[in-house]
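Tertiary structure, described
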Amino acid sequence: MKIVYNGEMDTRLCKEVLGATIPEILESDSDVVYLDADLMSCIGTLKYGAQHRDRAIDCGIAEANMAGVAAGLAMAGFKPIIHSFGIFASRRCFDQVFLSGGYAKNDITVLGSDPGVTAAMNGGTHMPFEDVALYRVIPGSTVLEPSDPTCLMSLLKQAVDRPGIKYLRVGRKSMARIYADGSELPIGKAPVLRDGTDVVIFAAGIMVHEALQAAASLEKQGISAAVVDCYTIKPIDRETVITMAKKTGAVVVAENANRHGGLYSAVLEVLAENCPVPAANVSVEDEFGEVGTQSYLQQRFGLTAAHIEEKAKSVIVRK
Amino acid sequence: MENEETNMDQTEVKALKAFAIRIRLATLDAIHSIGSGHLGGALSIADVMAVLYGREMNIRVEDPAWPDRDKLVCSKGHAGPGVYGTLAVKGYFPYEELKTLNKNGTRLPSHCDRNKTPGIDVTTGSLGQGTSQACGLALGDRLKGRKNRVFLIVGDGEMDEGQCWEAFAFAAAHKLSNLVVLIDWNKKQLDGLCNDILPMGDFVKKMEAFGFDAVQVKGDDVEAIAVALERTRQGGDKPYAIVLDTVKGAGVEEVANTLMNHSMPVNDEKYEKWTTELKAELAALEG
């Protein structure tokens with residue numbers, strides 16, 4: 001793993017990465033099957049799907065059935081990956097993933113695309129702020145949110161062979177480039193992207209880029225902020241959370257999700273039991289989504305580098 | 001001696017009828033041990049279970065995980081005691097274990113659990129979910145090149161769940177002719193009569209409209225069930241549906257005559273009465 005962040009965006013769109021990585025996984029492992037709910041076009045798998053109908057199965061707009069079919073395929077000896085937009089991949093088939101999948105010990109990899117404000121122009125009906133909370137409470141689940149395209153590729157390849165329910169909330173658009181091509185990001189780890197001594201920012205997904213920008217700005221003001229990439233939301237990297245919280249004595253959590261039940265909750269659970277230090281969140285407050293550009297929505301819901309900076313300063317004061 | 005219309009050996013028919021009675025006795029043994037349970041819907045599937053496990057299914061009792069076996073998905077998972085009764089009579093686990101139904105730490109929970117009970121193929125309980133799992137199993141087994149079939153038992157009340165219809169559309173789209181859907185049309189659901197709550201119309205027509213090869217048979221006629229199941233061996237490009245015209249609580253008159261019989265108490269007195277009736281029936285059948 002090599003960090004190459006310089007503030008620039010990766011040249012690859014995440015949907016292009018998905019469109020290449022899913023077929024690559026299918027070609028390298030004949031036990032993997034991929035199911036979609038009429039959204040292959042949205043993640044670049046339609047062409048492959050049309051040519052490989054037994055391996056890339058379009059289930060139509062029926063997410064509950066798709067999750068159940070995936071469970072059946074798992075029983076028959078397959079390793080299913082299912083995809084829909086994050087709202088449908090969580091709320092619309094939650095009971096099926098929970099029972100037919102998790103409870104029945106049928107392992108399924110679930111891809112939920114367009115997390116949080118990245119749903120942008122599809123608006124409030126399509127904007128999952130709660131998917132992380134839902135997937136965190138499935139016993140034995142793994143919840144992942146890649147911070148860049150390289151991270152996405154690495155996590156998806158690992159997730160397929162991992163037991164239980166694996167949920168990846170993945171963007172389809174461009175993201176900042178954090179890691180060098182080919183980097184391996186082990187599930188369960190939270191890499192320290194930038195060290196610091198005054199405050200630590202635990203961030204996931206698009207908020208990692210915001211956190212790194214905030215840290216650079218804070219440095220100019222004489223504040224040393226560490227940034228940790230929490231691409232593994234569950235199981236959270238307890239060791240890194242505790243080490244960095246003890247080292248800095250102040251915590252900010254930045255997530256593109258509702259403040260209840262997501263990464264903020266996961267970090268607070270670790271802190272409360274091990275090293276209670278002042279903490280603050282940069283999350284969506286208890287609100288539903290709405291339509292708009294991603295940049296507008298990041299402002300609207302308080303998910304920018306500036307918001308992180310402000311919270312970092314306020315939490316340091318509380319030490 | 002054979003029935004001229006069906007070519008079925010009447011000795012076998014008698015054996016299937018006896019198996020169905022033994023399943024009902026076993027179901028009562030299980031539910032009586034805990035005092036009450038989902039009696040009505042467990043009894044209504046006893047006849048089809050007898051034909052499946054006594055004749056139609058290709059299974060190995062000594063190897064419940066044999067990958068090429070035929071599989072049963074009892075999507076109306078609350079009929080667990082009826083399925084356990086069948087499995088116990090077949091010898092998947094000791095008969096006496098039926099008395100652990102729902103007891104703390106049991107391998108026989110109220111609803112079917114594939115990770116707990118030898119012989120249970122699929123975990124069910126949240127209605128509708130077995131239908132999609134059955135489709136996935138049938139598709140997966142076919143993709144793996146297996147020649148087995150998947151038998152899916154669905155309740156008529158369960159058909160209220162939209163997931164069933166998503167699954168049936170999927171089954172037809174993928175030409176899952178290795179899938180046989182058995183609809184337990186017992187006319188009742190938990191709160192009363194299906195027709196008073198959410199009438200579903202003609203299941204044969206509905207299943208045909210969804211792309212199935214569908215027939216209806218008398219659900220307590222093991223011979224008719226056997227013939228209908230035999231027909232589903234021919235493959236083709238459609239999934240199969242058999243609508244079983246059943247009575248909720250079938251085989252135990254007092255239960256069948258009780259309107260609200262989804263879940264019922266089975267006290268010592270009722271247990272004695274009902275099992276005595278069934279044993280007499282069995283004795284008469286077997287001479």
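Look up: the structure comes first, before these words.
Residues numbered from 1 in each chain as written. Chains lettered and ligands numbered in written order. Predicted model: local features only at pLDDT ≥ 70, side-chain atom pairs only at ≥ 80, totals over all residues. Heavy atoms only, no water.

We now examine the overall build of chain A. Tallying secondary structure elements over chain A gives 12 helices and 12 strands in all. Expected size for 319 residues packed as a compact globule is a radius of gyration near 20 Å; at 19 Å, chain A falls within 12% of this value. For chain A, the spread of C-alpha atoms along the three principal axes comes to 60 × 40 × 35 Å. The buried share among the 319 residues of chain A stands at 62%. Taking all contacts inside chain A whose residues are at least 6 apart in sequence as the whole, residues at least 24 apart take part in 80%. (Helix = DSSP H or I, 4+ residues; strand = E, 2+ residues; numbered from the N terminus. Rg over C-alpha atoms; globule rule 2.2 N^0.38 Å. Buried < 20%, exposed > 50% of the residue type's maximum accessible area, 1.4 Å probe, protein only. Contact = heavy atoms within 4.5 Å.)

All names here are of chain A. The five strands lie next to each other as β7-β9-β8-β11-β12, forming an open sheet whose pairing is mixed. In this open sheet, the two edge strands, each paired with only one partner strand, are β7 (192-194) and β12 (279-284). Strand-to-strand twist in this sheet, taken as the mean axis angle between neighbours without regard to direction, amounts to 25°. Pairing geometry for strand β8 (residues 199-203) and strand β11 (residues 251-258), over four bridges, is parallel. (Pairing = 2+ DSSP bridges. Axes fitted to C-alpha atoms, helices over the stretch in contact; angles between N-to-C directions.)

So, about the environment of Phe93(B). All names here are of chain B. Tracing the sequence through the fold places Phe 93 in the loop between α4 (80-90) and α5 (129-143). On the accessibility criterion, Phe 93 (4% relative accessible area) is buried. Phe 93 sits 29 residues away from Pro 64 along the chain, and the two C-alpha atoms are 11 Å apart. Residues within four places of Phe 93 in sequence aside, it is in contact with Tyr 84, Leu 87, Ala 88, Leu 98, Arg 107, Leu 108, Thr 117 and Pro 118.

This part covers unusual backbone geometry. With an omega of -5°, the peptide bond between Lys234(A) and Pro235(A) qualifies as cis. Note that Pro235(A) resides in the loop between β10 (232-234) and α9 (238-248). At Asn102(B), a residue that is not glycine, the phi angle is positive and equals roughly 60°. Relative to the helices and strands, Asn102(B) resides in the loop between α4 and α5. Using a relative accessible area of 36% as the deciding quantity, one classes Asn102(B) as partly exposed. A positive phi angle, near 50°, is found at Lys175(B), a position not held by glycine. With respect to the helices and strands, the residue Lys175(B) is situated in the loop between α6 (162-173) and β4 (179-185). Accessibility expressed as a relative area gives 45% for Lys175(B), which makes it partly exposed.

Our focus in this paragraph is the sheet that holds strand β3 (residues 79-85) of chain A. All names here are of chain A. Strand order in the open sheet made by the seven strands is β2-β1-β3-β4-β6-β5-β10, with mixed pairing throughout. Each end of this open sheet is capped by a strand with a single partner; those strands are β2 (56-58) and β10. On average, each strand axis in the sheet is tilted by 20° relative to the strand beside it, whichever way the strands run. Alignment of β3 against strand β4 (residues 108-113), held across five bridges, turns out to be parallel. If you follow Ser 84 over to β4, its bridge partner there is Gly 112. Seen against the sheet, helix α3 (residues 63-75) touches β1 (32-36), β2, β3 and β4 and runs at an angle of roughly 170° to β3.

All names here are of chain B. Structurally, the position occupied by Asp 184 is in strand β4. Asp 184 gets classed as buried once you look at its relative accessible area, which sits at 1%. A polar contact is formed between the side chain of Asp 184 and the side chain of Ser 44, at a distance of 2.6 Å. There is a polar contact of 2.6 Å between the side chain of Asp 184 and the side chain of Lys 76. Not counting residues within four places of it along the chain, the set of residues in contact with Asp 184 comprises Gly 41, Ser 44, Ile 45, Lys 76, Val 154, Gly 155, Asp 156, Leu 244 and Thr 246. (Polar contact = N/O pair within 3.5 Å; in protein donor to acceptor, adjacent residues only side chain to side chain.)

With that out of the way, let us pick up the pattern of salt bridges. For the coordinates displayed, the defined rule picks out 39 salt bridges over all chains. Between Glu56(B) and Arg149(B) there is a salt bridge whose closest N-O contact spans 2.5 Å. Of this pair, Glu56(B) sits in helix α3 (residues 46-56) while Arg149(B) sits in the loop between α5 and β3 (150-155), placing them 93 residues apart in sequence. In terms of burial, Glu56(B) and Arg149(B) fall into one category: buried. For Asp141(B), the salt bridge goes to Arg146(B), with nearest N and O atoms at 2.5 Å. Side by side, Asp141(B) and Arg146(B) carry an identical accessibility label, which is buried. Each of Asp10(A), Arg12(A), Arg177(A) and Asp181(A) takes part in one network of salt bridges that share partners. (Salt bridge = Lys/Arg side-chain N within 4 Å of Asp/Glu carboxyl O.)

All names here are of chain A. Structurally, Asn 256 is set in strand β11. Remark: the alpha-carbon pair of Asn 256 and Val 160, spanning 96 residues in sequence, is separated by 24 Å. Ignoring anything within four residues of it in the chain, the contact list for Asn 256 reads Pro 115, Gly 116, Val 117, Thr 118, Pro 128, Phe 129, Arg 169, Ile 206, Met 207 and Leu 303. For Asn 256, the side chain forms a polar contact with the main-chain oxygen of Pro 115, separated by 3.1 Å.

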